[in-house]
Amino acid sequence: MPSLTSLAPAGPTATRTRTTATARRLMAVCGTLLAALLCALSVGASSASAHAALTSTDPADGSVVKTAPREVTLNFSEGVLLSGDSVRVLDPKGKRVDTGKTAHVDGKSSTAAAGLHSGLPDGTYTVAWKAVSEDSHPVSGAFTFSIGAPSKTEAKVPTGEASDSTVSTLYGIGRYAAYGGFAALVGGCVFAGVCRSSRPVRKIAVGGWVTVFTASLLLLLLRGPYTDGEGIGGILDLGRLGDVLSTKPGAALLSRLLLLGAAAVFLAVLFGSYTRRTGEGEADARRRQDLAFGLGFGGTVMAVGLAATWAMAEHASVGLQRQLAMPVDVIHLIAVGVWLGGLASLAVTLRAGEPIGRAAVRRFSRLAFGSVVALVVTGLYQSWRQVGSWGALTDTEYGRWLLVKVGLVAVLVGIAAVSRRWTGRLTDGTEAAEAEADAEAKAGSDAETDVEATADTAKAETKAKAETKAKAETKAGAKAAVKAARPVRTGAADAAVGNLADASADASADDAESGDGPGDDSGTGAADDDPVRTAQLARQRAAKDKTATLRERDADRERSGLRRSVLAETIVAVVLLAVATVLSGTQPGRAETEQASAPARTPGDQLNVDPVSVLIPYNTGPKSGRGKAVVMIEPALPGDNALHVFTTDLADRPVDVPEVKLSLTLKGKGIGPLRIPLERLSTGHWSAKTVQLPMAGTWQLSLTVRTSDIDQVTETRNVKVAQ
C-alpha cells in the first residue's frame, strides 16, 4: 500500500504554498466563528432563566379574600432552598406583618410558607420572596393579594434580577474559569501519563489546577452575595460562609477545594518522581511501573470526585432520573476534560517544537476518539432529559443554545478528522523515512569505515602542514616587526644588536605560538571572568537554539499541518466550553415547557355577540402615573373567551407600564378570583388568548396597574357575561 505522503504534490514550494493557504483559511473560519459566538454569548448570557418557577400561591396573586389568612403559601416547580427571610409580607404602608419564619410545608422542598400576625386590617398586601433552586440558581419575585377590598399600597416591590449585576458577572466568569481549569487539569494529566510529559504539558496541568482552585474559592466567597442579591461588598462578610456551607452548592465547593489539595500531591508525583530519569534504564522502568498503577487509580478517583462536585449541585441533581443523571454527568465532564485538555496539551507541545513520537500522537488520537464517543452517548441522554421534545429545541432558550453546542461539536469533530489524517501521514511518512535510512546505513556500513579512516589521515596531515606554515609566518612577522623598530646602527654594534633582536623575536614568536605569552591571560581569562559577557553569550546561544528548533519544526510538513489543525480544534473548544457554561445556567427546556400554559384555543365564534368593553381610569399618585385602561372581553360568553387590555395616557396615546394584572370574580356563586395571565403584544397592549368563564352572570373585574417600583393601584369594575 503506498504511503499517504506520496500523494503530496511534487516540489517543496507547491506543498508549502497549499498547506499555508489551507491553514490560513482554516484559521480565518475559526477566528470568525470565535468572534461571532463570543458576541452571541455576551448578549445571550446576560441573564439566566429561573430554574425554579412559582406555580401557585395561597392566597392567589391579585385575589381578594374576606378574612385575613393565617399564612402565605408558595408552590414551586422544583425544590428550593430557603432562608429565614425568604418570604416577606408587607402591609399597605410597607410594614412587615409576617412572623419572620419561612419553612417548607409538610417537608416538601417545593413549597414555602410564612406565618402572618393576627388581626390584619383590610387592604392590599405585597408578598416579596426569594429562594435558591436545587440546581444552585437564585430566583425571586413578588405578588399581591387583598383582604376585604383592594387599596393603594406604599410597599416597595423588589424588581429586576435576583442578584447584583456585578456579582452575577463575576460569578459567571468564575464558573467558566472553573470548567476550563478542570478540563486543563484532567486533560494535561492524562496526556502526560499516557502520551508524553514535557514542560509545556506541565504548565497546562498546573495552570489548570491554579485556575480551578482560584475560581472555586472565588465562587465560595461570592455565593452569599449571589443568592441574597447583595453587592460586591458582601464578599467581606465572612460570617455568611457558615450559611453557605450548610447548603448543597456550598458543600460541593468546599469538597472541590479539599480534593484539589490532594490533586496538588498527585501533580507533584506525576511531574516529579514519575517523569524523572536517573540514567539507569531498568531501574527507571521498574520505578515508573510501580508508580503507574497508583497514579492511574488515584487520578481516576480524584477526577471522578471533582466532576461529582458539579453533578451534585447543578442540573443533574434535580428532575427525573437523578440517580442515573449524576453518574452520566460525571462521565460527560471527564470526557470533556480528557478531550479538550488533551487538545491543549498537544497544541502547546507541537507549538514549542518538543519532540513527540508518532506512537504518542496515535495514542492521543485513540483516546480522543473514545472521549468523543462517550460525549455523544452521554450528551444524547442529557439532551433528552433536559429538553424533552423536538419543539423545545427551537421554542426554548435552552434548546437553542443546545443546537449551538451541537453545531460546535460537529465543527470540532470535522477538524478532528483533519487532525487524524495528518496523524496518519505523520506515521506513514516517518516509518518510510526510517526504513530508507536503515537500508542506506546497512548498505554503506563497510565503505563508511574506509572513508572515515582516510578522512582522519588526511585531516591529520593537513593540520600538521597548517601548523608548520603558521609557525614560520609568525616568526617571520615578529622578526620584521623588531627590525622595523630597531634604530639605525653601524659596524659591530649594529650586528650585535641585530642578532639579539632576532633571538628576542624568535622567543616572542614561540611564546605566542604556545599561548603562554602575556596577551593570553589578559584576553581569554578576562572574558571568562566577566559575568555580563557570559550571560550575553548564553542568551545568544539560547536564541540560536530556539531559532533552530522552530526552523526544524516548521520544516516538517506533517507536524506543521497537525499543529495547525490541533490549534483550530483548541480555539473551537474554548467557545464550546463557554456555550456549555451558558447551558448550565439556563432553565432546561423540559421545565420551561411544563411551566408554560396550556395550548391556546380560539374562543368560540358560533354566536355573533359584540365584545364587552370597560374603560377604567387609573391614578397611582405621581403625574406620570395617570392614564386609562380599556379591558375588552370577546365574545363575553360562558366558555372560551379572548381578553385584551389597552393602556394609554390621558391624551389617548399608547403607553407601557411595568406591570398589569387582572382577575375575575363571580361573588354570587363563590367563584374566583380567577387570575388571568397576560402577555404583552405591543406598546400598551396585553392579551390573554384563552379565558375560561364557567357561567354567565355579573363578574367583578379587578385590574392592578403598576407604574413604578413603588406606585401601583387596583381598580374594580363589573362586567356582564351573557347566557
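Preceding this section is the structure that the text describes.
Keep in mind that what you see is a predicted model, and the values were worked out from it rather than measured.

Requested: an account of the overall build of the protein chain, with residues and values cited.
Looking only at helices and strands, the protein chain features 16 helices and 18 strands. Pairs at least 24 residues apart make up 69% of the contacts formed inside the protein chain by residues separated by at least 6 positions. On the protein chain, roughly 38,000 Å² of surface is accessible, and the fraction owed to carbon and sulfur atoms is 59%.

Explain empty space enclosed by the protein to me, and be specific about the residues and the numbers.
Enumeration over the complete set of coordinates arrives at 3 cavities of 30 Å³ or more. Put simply, the largest cavity is a space of about 170 Å³. Taken together, 17 residues make up the lining of the largest cavity; nearest its centre are Ser-136, Tyr-171, Leu-253, Arg-256 and Glu-314. Put simply, the parts of the chain that give the lining of the largest cavity at least two residues each are α2 (165-194), α3 (199-228), α5 (248-270) and α6 (281-311). Considered class by class, the residues forming the lining of the largest cavity number 10 nonpolar, 3 polar and 4 charged.

Let's hear about the environment of Pro-327: which residues, and what values?
Mapped onto the elements, Pro-327 comes out in helix α7 (residues 322-351). Given a relative accessible area of 42%, Pro-327 falls into the partly exposed group. Sequence spacing of Pro-327 and Ala-311 is 16 residues, and the spatial spacing of their C-alpha atoms is 7.8 Å.

Describe the packing of α2 against α5, and please don't skip the residues or the numbers.
Two elements in contact, α2 and α5, have axes whose closest approach is 12 Å; the angle formed by their N-to-C orientations is 30 degrees. The orientation of α2 relative to α5 falls into the category roughly parallel. Of the two elements, α2 crosses α5, and the hand of that crossing is left-handed. Contacts from Ala-178, Leu-185, Cys-189, Ala-192 and Gly-193 in α2 reach Arg-256, Leu-260, Phe-266, Leu-267 and Leu-270 in α5. When the residues that make up the contact of α2 with α5 are grouped by side-chain class, the tally is 8 nonpolar, 1 polar and 1 charged.

I'd like a rundown of the nonpolar core, residues and numbers included.
Core analysis: the biggest nonpolar cluster contains 68 residues, and Leu-270, Trp-339 and Leu-340 have the highest contact counts within it. In terms of residue count, the dominant contributor to this core is α7 (12 residues). Filtering out sequence-adjacent residues up to four positions away, Leu-340 remains in contact with Leu-412, Ala-573 and Leu-577. Of all hydrophobic cores here, the second largest spans 28 residues; its members include Val-612, Leu-666, Leu-701 and Val-721.

Could you give an account of the sheet that holds strand β13 (residues 659-666), with specific residues and numbers?
With antiparallel pairing, 4 strands are arranged side by side in an open sheet as β14-β13-β17-β18. Two strands lie at the open edges of the sheet, namely β14 (671-676) and β18 (712-721), each paired on one side alone. On average, adjacent strands in this sheet sit at an angle of 20 degrees to one another, irrespective of strand direction. Two elements, strand β17 (residues 697-706) and β18, share 10 bridges in a ladder whose sense is antiparallel. By the bridge assignment for β18, Thr-698 is matched with Lys-720.

Quick one: what's the story with the sheet that holds strand β15 (residues 679-682), residue by residue and with numbers?
Read from one edge to the other, the open sheet built from 5 strands follows the order β10-β11-β12-β16-β15, with strand pairing classed as antiparallel. Edge positions in the sheet fall to β10 (612-619) and β15, since each of these pairs with one other strand and no more. Taken over all neighbouring pairs, the strand axes of this sheet differ in orientation by 25 degrees on average, direction set aside. Inspection of the sheet shows strand β12 (residues 639-648) paired to strand β16 (residues 685-693) by 7 bridges, in the antiparallel sense. Following the sheet pairing, Phe-646 is matched in β16 by His-685.

Please give an account of the packing of α3 against α7 that cites residues and values.
Axis separation between α3 and α7 bottoms out at 8 Å; the angle between their running directions is 145 degrees. Relative to α7, the crossing made by α3 is right-handed. Contacts between α3 and α7 involve Pro-200, Val-201 and Ile-204 from the first element and Ala-344, Ser-345, Val-348 and Thr-349 from the second. Of the residues assigned to the contact of α3 with α7, the class counts are 5 nonpolar, 2 polar and no charged.

Give me the pattern of salt bridges: which residues, what numbers.
In total, this model carries 8 salt bridges according to the counting rule given. Each of Asp-61, Glu-659, Lys-661, Arg-675 and Arg-706 takes part in a single network of salt bridges with overlapping partners.

Quick rundown of unusual backbone geometry? Include the residues and the values.
Between Asp-58 and the following residue, Pro-59, the backbone shows a cis peptide bond with an omega angle of 0 degrees. As for its position among the elements, Pro-59 is in the loop between β1 (54-58) and β2 (64-65). Backbone geometry places Asp-652, a non-glycine residue, at a positive phi of 65 degrees. Secondary-structure assignment places Asp-652 in the loop between β12 and β13.

Cut-offs applied
Residues numbered from 1 in each chain as written. Predicted model: local features only at pLDDT ≥ 70, side-chain atom pairs only at ≥ 80, totals over all residues. Heavy atoms only, no water. Helix = DSSP H or I, 4+ residues; strand = E, 2+ residues; numbered from the N terminus. Contact = heavy atoms within 4.5 Å. Areas by Shrake-Rupley, 256 points an atom, 1.4 Å probe, with all protein chains shown as cover. 1 Å grid on protein atoms, 1.4 Å probe; cavity = no way out; pocket = protein on both sides within 12 Å on 5 of 7 lines; lining within 4 Å. Points joined across faces, edges and corners; volume = space filled by probe spheres on them. Nonpolar A, V, L, I, M, F, W, Y, C, P; charged D, E, K, R; others polar. Buried < 20%, exposed > 50% of the residue type's maximum accessible area, 1.4 Å probe, protein only. Axes fitted to C-alpha atoms, helices over the stretch in contact; angles between N-to-C directions. Parallel < 35°, antiparallel > 145°, perpendicular 65-115°, else oblique. Left-handed = near helix turned anticlockwise from the far one by under 90°. Core = buried A, V, L, I, M, F, W, Y, C linked by side-chain atoms within 4.5 Å. Pairing = 2+ DSSP bridges. Salt bridge = Lys/Arg side-chain N within 4 Å of Asp/Glu carboxyl O.

In short, geometric facts, not functional conclusions.
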